[in-house]
Amino acid sequence: MTLKQRLTTAIAEEAGQMILNAREDQAFSRHMKAGDELVTDVDVAVDKLIGQRLEEAFPGEARLSEELSPQQAQAVKAPALWVIDPIDGTVNFAQGQHHVAVSIGWLEEGVGKVGVVHAPFLGETFAAAEGLGASCNGKPIQPSGETALERTLVGTGFPYQKNARVALLKRFGAVLTHCQDIRRNGSAALDLCDVACGRLDAYYESVSPWDFVGGWVIAREAGATVDHLYPVPDGIPPDLCGEHLLVSTPAVHDGVARVLKEADQAEC
């Protein structure tokens, strides 16, 4: 099976229609998991739908998804792995905002090969496969040509755990000082796609695998620099490690990395 045949745009768009219908009907419940993270029954229903469709099309292949099988330790060893976020931006979904995405990525031997990110409320489907470039709604995309740190528009996000946010304020302040501005849209998958198509010049955050794998492949295939600020721990494939991500248009990558690392080292 070719990588092009693994582009699951139809599955992602079917899931997106389920999300649209649920928003329109307002027929969903919500609760908190782990005490601080919102989840709705639509997240679970969409996850089940995607899992069913993937099993029909690619029987027996391992899946790592946010709602149904968050077992990263086992997934790392899978030779073929689907990584799924049924609703990236659950808070946005529940609050009636538009930055919501279905994210599906596929890895072979730990390397991201295929990515699809569908934004149902924005009417956009991003897709990429290794060696085939990246697209939005079928049209090729590429990062911005920004070269100046002071004109760099940066995207980021914050963890659900409020006590983990304090340390990130140093980064936030440093970026505001040295770069053009910051955007916080609430969907890591779409932030990565925004770097891929030039709407953002850089993005940094620490997230879970299902949040970033699809968009990571798309950004890389579009021509963005995808990297980690610090070395990836042994035993974890870089394309599954969501800690300290930095994705940017190539010319500003070193400058943004320097700003973030200096902020990490600065005294409070």
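Located above this text is the structure these notes cover.
Conventions and cut-offs
Residues numbered from 1 in each chain as written. Predicted model: local features only at pLDDT ≥ 70, side-chain atom pairs only at ≥ 80, totals over all residues. Heavy atoms only, no water. Buried < 20%, exposed > 50% of the residue type's maximum accessible area, 1.4 Å probe, protein only. Helix = DSSP H or I, 4+ residues; strand = E, 2+ residues; numbered from the N terminus. Pairing = 2+ DSSP bridges. Contact = heavy atoms within 4.5 Å. Axes fitted to C-alpha atoms, helices over the stretch in contact; angles between N-to-C directions. Core = buried A, V, L, I, M, F, W, Y, C linked by side-chain atoms within 4.5 Å. Salt bridge = Lys/Arg side-chain N within 4 Å of Asp/Glu carboxyl O. Phe/Tyr/Trp six-rings, centres within 6.5 Å; stacked < 30°, edge-to-face > 60°. Lys NZ or Arg CZ within 6 Å of the ring centre and 35° of its normal.

Trainee: Explain the pairing of strand S5 (residues 101–108) to me, and be specific about the residues and the numbers.
Mentor: On any regular strand, side chains alternate: one points to one face of the sheet, the next to the other face. Burial of S5 is extensive: 7 of the 8 residues sit out of reach of the surface. Both strand S4 (residues 80–88) and S5 contribute to a ladder of 7 bridges, which runs antiparallel. Counterpart to Ala80 in the pairing with S5 is Glu108. In this sheet, strand S6 (residues 111–119) lies alongside S5 in antiparallel orientation, the contact comprising 7 bridges.

Trainee: Describe the sheet that holds strand S8 (residues 134–136), listing the residues and the values that go with them.
Mentor: Pairing within the open sheet is mixed, and its 7 strands lie in the order S3-S4-S5-S6-S7-S8-S9. With partners counted over all chains shown, the strands left at the sheet margins are strand S3 (62–65) and strand S9 (139–140), one partner each. In the packing of helix H6 (residues 188–196) onto the sheet, contacts are made with S4, S5, S6 and strand S7 (124–129), and the angle to S6 comes to roughly 100 degrees. Seen against the sheet, helix H7 (residues 209–222) touches S3, S4, S5, S6, S7 and S8 and runs at an angle of roughly 100 degrees to S6.

Trainee: Can you lay out the nonpolar core for me, pointing to particular residues and giving the numbers?
Mentor: The biggest cluster of nonpolar side chains holds 37 residues, and the ones touching the most others in it are Val83, Val117, Ile141, Ile218 and Val247. Elements that contribute at least two residues to this core include exactly S4, S5, S6, S7, S8, H6, H7 and strand S14 (245–248). Here this core gets 8 residues from one element, more than from any other, and that element is H7. If sequence neighbours within four positions are ignored, Val83 has contacts with Leu64, Ser103, Ile104, Gly105, Leu107, Pro209, Trp210, Val213 and Leu240. Counting 28 residues, the second largest nonpolar core, distinct from the first, contains Ile11, Ala12, Leu54 and Ile84.

Trainee: Residue-level account of the environment of Ala101, with values.
Mentor: Inspection of the secondary structure assignment puts Ala101 in strand S5. Not counting residues up to four positions away in its chain, the partners in contact with Ala101 are Asp85, Pro86, Ile87, Asp88, Val117, His118, Ala119, Pro120, Ser187, Ala189 and Leu190.

Trainee: Outline the pairing of strand S13 (residues 225–228), listing residues and values.
Mentor: Side chains Val226 and His228 project from S13 onto a buried face, and the interleaved Thr225 and Asp227 project onto a face without burial. Where S13 meets S14, 4 bridges bridge the pair, whose relative direction is antiparallel. Looking at S14, one finds that Thr225 is bridged to Ser248.

Trainee: Explain the pattern of salt bridges to me, and be specific about the residues and the numbers.
Mentor: Enumeration over the complete set of coordinates arrives at 11 salt bridges. In this structure, Asp239 and Arg220 form a salt bridge, with 2.9 Å as the shortest nitrogen-oxygen distance. Of this pair, Asp239 sits in the loop between S13 and S14 while Arg220 sits in helix H7; the two residues are 19 residues apart in sequence, bridging distant segments of the chain. Beyond isolated ion pairs, a larger network of salt bridges with shared partners links Glu14, Arg53 and Glu56.

Trainee: Provide a residue-level description of the side chain of Thr152, including the pertinent values.
Mentor: By secondary structure assignment, the location of Thr152 is in the loop between S9 and strand S10 (153–155). Not counting chain neighbours up to four residues away, the residues in contact with Thr152 comprise Glu146, Cys179, Gln180, Asp181, Asp201, Ala202, Val252 and Val256.

Trainee: Let's hear about the packing of aromatic side chains: which residues, and what values?
Mentor: Across all of its chains, the model carries 4 aromatic pairs by this definition. With a centroid separation of 4.8 Å and an interplanar angle of 35 degrees, the aromatic rings of Phe58 and Trp82 are classed as tilted. Here Trp82 lies in strand S4 and Phe58 lies in the loop between helix H2 (41–57) and S3, a separation of 24 residues in the sequence. We note that Phe58, like Trp82, is buried. Of the aromatic side chains, those joined through ring pairs into one cluster are Phe58, Trp82 and Trp106. In this structure, Arg6 packs its charged tip against the face of Trp106, placed 3.9 Å from the ring centre. In this arrangement the basic side chain of Arg23 is found over the ring face of Phe121, its NZ or CZ atom lying 4.0 Å from the centre.

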